[in-house]
Structures are given as C-alpha cells and as structure tokens.
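# What the coordinates show
Chain by chain, the residues:
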Amino acid sequence: VHGDPAFVPGTCADCHMNQAFGEKSGGHTFKMSYVGTTGLPVQNLASCQACHKTVESFSHFGLRAEIGQLLHDVDNELIRIGIKTAGNHYVKPGTYPADVAAGFLNWYLFEEDKSFGMHNPPYARAVLRNTLAKLKTF
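The structure presented is a predicted model; accordingly, all values stated were derived computationally and were not measured. Within each chain, residue numbers correspond to sequence positions counted from 1 in written order. A pLDDT threshold of at least 70 governs which residues receive local features in this predicted model, and a stricter bar of 80 or more applies before side-chain atom pairs are shown or counted, although totals over entire chains, interfaces and linings include all residues. Hydrogens are left out, water is left out, and the side-chain values use all remaining heavy atoms of the structure.

Moving on, we get to helix α3 (residues 63-81). Helix and strand assignments follow DSSP, with helices taken as H or I runs no shorter than four residues and strands as E runs no shorter than two, numbered in order from the N terminus. Multiplying 1.5 Å by the residue count of a helix minus one yields the expected span of that helix. For α3, built from 19 residues, the straight-helix expectation of 27 Å at 1.5 Å per residue is met to within 8% by its first-to-last C-alpha distance of 27 Å. Looking one or two places after α3, you find G82, whose phi comes out positive at around 105°.

As structure tokens, then:
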C-alpha cells in the first residue's frame, strides 16, 4: 500500500530517502532512523507525517506491537513443529510438509524485512494470522 500510486503518490524513495535529517537517515542511506546523541533512536517521520498528521513514532496504531506479537507466535509454532530452533533464522535439515515450509518462509519474509508490516499492514497482518492458524493444525 505504501508507495502504491493508487493509494499514496510516490515510491519507496519518498519515505526512505526523505532528507529531514540530512545524511543521518534518509538520503542515500535509505535508513528510517539513526542513533541520536542520547544513544536513543531518532525516527525520520517527516514523510509519514505528510499523510498521517498525528504520527509520533513508527509504533503508530500499535502496528509494531501487533506484528511483533504475530511474528513471535509464528516463531513459537515453527519451533514447536521442529523446523527451526529458538534464535535461529535457518531451517533445520529435514523433510517438512509444504505448508510448514511455506509457514517458515512467510515468517522469514516479515522477520527479515524489519519493518513490522509498515510497508503493507493489511497484507502483513493477514499473512501472519493465516500462517499462525495453519501451523497450529500440525
């Protein structure tokens, strides 16, 4: 949804290359935050606020917490099933049902994306909820 001209004019660069903080984030770094002088992250929200006036952090609407919990729950199911171990992002050698392997790939996609569903919240939410429901059948 974000960056889709049918919904939001622009592309990835509109958010990721916004130069509100010069070269600390945005620009050619493509980063959405940087570590400030206090040691805490400073989020580059300038592009977000162009459309979402009330955004004060990347946790707006509780998305980070919701997707984070779904990732955690799917991870636990993958560990329970035995396709991976805790803290490991790799498949354990073995033969697995196609739906379990697909569940791992769904989890890996959003885990490694690190956006907590920000790029397309409805899609991330639906994929992770459906993945969790399917994995619970094993």
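Any two packed helices are characterised by how steeply their axes cross, that is the angle between the axes, and by the distance between the axes. Between helix α4 (residues 98-113) and helix α5 (residues 121-135), the shortest axis-to-axis distance is 10 Å and the interhelical angle comes to 145°. Regarding α4 and α5, the two cross each other, and that crossing is left-handed. Between α4, through D99, V100, G103, N106 and F110, and α5, the contact on the second element is made entirely by Y123, A124, V127, L128, T131, K134 and L135. When its residues are assigned to classes, the contact of α4 with α5 shows seven nonpolar, three polar and two charged. Axis angles are defined between N-to-C directions and span 0 to 180 degrees, where every axis is a line fitted to C-alpha atoms and, for a helix, only to the segment in contact. Working rule for handedness: look at the near helix, and if it is turned counterclockwise from the far one by less than a right angle, call the crossing left-handed; if clockwise, right-handed. Residues count as neighbours in contact if any of their non-hydrogen atoms are within 4.5 Å of one another. Ten residue types, Ala, Val, Leu, Ile, Met, Phe, Trp, Tyr, Cys and Pro, are classed as nonpolar, four, Asp, Glu, Lys and Arg, as charged, and the remainder, Gly among them, as polar.

Along the chain, the position of L105 falls in helix α4. Distance in space between the C-alpha atoms of L105 and T131 is 9.9 Å, their sequence separation being 26 residues.

Whenever Lys or Arg places a side-chain nitrogen within 4 Å of a carboxyl oxygen from Asp or Glu, that contact is recorded as a salt bridge. Within the structure shown, the criterion is met by six salt bridges. The closest approach of N and O atoms between E112 and K114, which form a salt bridge, is 3.9 Å. Connected through shared salt-bridge partners, E66, R125 and R129 make up one network.

Below, the discussion takes up unusual backbone geometry. One non-glycine residue, K114, adopts positive backbone phi at about 65°. For K114, the position within the fold is in the loop between α4 and α5. In the Ramachandran plot, F116 falls in the positive-phi region, its phi being about 55° despite a non-glycine side chain. For F116, the position within the fold is in the loop between α4 and α5. Remark: exposure states derive from per-residue accessible area (1.4 Å probe, protein chains only) relative to the maximum for the residue type, with buried under 20%, exposed over 50%, and partly exposed in between. What makes F116 partly exposed here is its relative accessible area of 25%.

We now examine the nonpolar core. Of all hydrophobic cores here, the largest spans 16 residues; its most connected members are I67, L71, V74, L78, W107, F110 and L128. Only α3, α4 and α5 provide two or more residues apiece to this core. When sequence neighbours within four positions are dropped, the list of residues in contact with F110 reads L71, Y123, A124, V127 and L128. Residues enter a nonpolar core if they are buried and are Ala, Val, Leu, Ile, Met, Phe, Trp, Tyr or Cys, with the set joined through side-chain atoms within 4.5 Å. Of all hydrophobic cores here, the second largest spans five residues; its members include M32, L45, V55 and F58.

Closest axis-to-axis distance for the α3/α5 pair is 10 Å, and the angle between their directions is 25°. As far as their axial angle goes, α5 and α3 are roughly parallel. Note on packing geometry: the crossing formed by α3 with α5 is left-handed. Residues L63, E66, I67, L70, L71, D73, V74, E77, L78, R80 and I81 of α3 lie in contact with α5, whose contacting residues are P121, A124, R125, L128, R129, T131, L132 and L135. By residue class, the composition of the contact of α3 with α5 is 12 nonpolar, one polar and six charged. For this classification, under 35 degrees means roughly parallel, over 145 means roughly antiparallel, 65 to 115 means roughly perpendicular, and everything else is oblique.

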